[in-house]
Amino acid sequence: LMFSKPQNLVFIFPSERRVMLHMFFVFFAIEIIFLNSKKRVVDIKTGKPFQAHIESEKPCRYIIEIPLGKTEVQIGDKIEF
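Turning our eyes to something else, we now look at a nonpolar patch on the surface. Judged by side-chain polarity, Phe-24, Phe-25, Phe-27 and Phe-50 come together as a nonpolar surface patch covering roughly 400 Å² of accessible area. With respect to the element layout, Phe-25 can be found in the loop between β2 (20-21) and β3 (30-35).

Under the defined criterion, the tally for this structure stands at four salt bridges. We note a salt bridge from Arg-18 to Glu-55, for which the minimum N-O separation is 3.2 Å. Of this pair, Arg-18 sits in the loop between β1 (9-17) and β2 while Glu-55 is found in strand β5 (residues 54-55), placing the two residues 37 residues apart along the sequence. Residue Arg-18 is classed as partly exposed on the basis of its relative accessible area of 48%. The shortest N-O distance in the salt bridge between Glu-80 and Lys-78 comes to 3.6 Å. Salt bridges here are not isolated pairs; linked through shared partners, they connect Asp-43, Lys-45 and Glu-57.

Val-19, Leu-21, Ile-32, Phe-34, Ile-54, Cys-60 and Ile-63 are the most contacted members of the largest nonpolar core, which totals 13 residues. Elements with a contribution of two residues or more to this core: β3 and β6 (60-67). In terms of residue count, β3 provides more of this core than any other element does, three residues in total. Excluding residues that lie within four positions of it along the chain, Phe-34 makes contacts with Leu-21, Arg-40, Val-41, Val-42, Asp-43, Ile-44, Lys-45, Ile-54, Ser-56, Cys-60, Tyr-62 and Ile-63.

Taken in spatial order, the four strands of this open sheet run β1-β6-β3-β4, and their pairing is antiparallel. Of all strands in the sheet, those with a lone pairing partner are β1 and β4 (41-47), marking the two edges. For this sheet, the mean inter-axis angle between neighbouring strands, taken without regard to orientation, is 20 degrees. Note: β3 against β6, six bridges, orientation antiparallel.

Moving on, we get to unusual backbone geometry. If you check the backbone angles, Phe-25 has positive phi at about 65 degrees while not being a glycine. Residue Phe-25 is classed as partly exposed on the basis of its relative accessible area, which comes to 39%. Phi is positive for Phe-50, which is not a glycine, with a value near 65 degrees.

Rules used throughout
- Residues numbered from 1 in each chain as written.
- Predicted model: local features only at pLDDT ≥ 70, side-chain atom pairs only at ≥ 80, totals over all residues.
- Heavy atoms only, no water.
- Patch = residues over 30% accessible without salt bridge, like charges linked within 9 Å, V, L, I, M, F, W, Y side chains within 5 Å.
- Areas by Shrake-Rupley, 256 points an atom, 1.4 Å probe, with all protein chains shown as cover.
- Salt bridge = Lys/Arg side-chain N within 4 Å of Asp/Glu carboxyl O.
- Helix = DSSP H or I, 4+ residues; strand = E, 2+ residues; numbered from the N terminus.
- Buried < 20%, exposed > 50% of the residue type's maximum accessible area, 1.4 Å probe, protein only.
- Core = buried A, V, L, I, M, F, W, Y, C linked by side-chain atoms within 4.5 Å.
- Contact = heavy atoms within 4.5 Å.
- Pairing = 2+ DSSP bridges.
- Axes fitted to C-alpha atoms, helices over the stretch in contact; angles between N-to-C directions.

Take it as geometry only, folks, not as evidence of what the structure does.
Below, the structure is given as structure tokens:
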């Protein structure tokens, strides 16, 4: 999302692992949804503009980034895509 407008992004990793992200050059807040290999929400974080360190509390295989306030997802929910 660096230097871009708010949009939805999905990241897919080859296996579950803890992931660290940053918000350098992202000028808006986002919601970061971490999912395990079964597509169950294991963590949710808010990314603030220029935040240096965001880490999943549990291993994840998928990450969904969306504009802040656009979801009511909770830990344990299953997301299909």
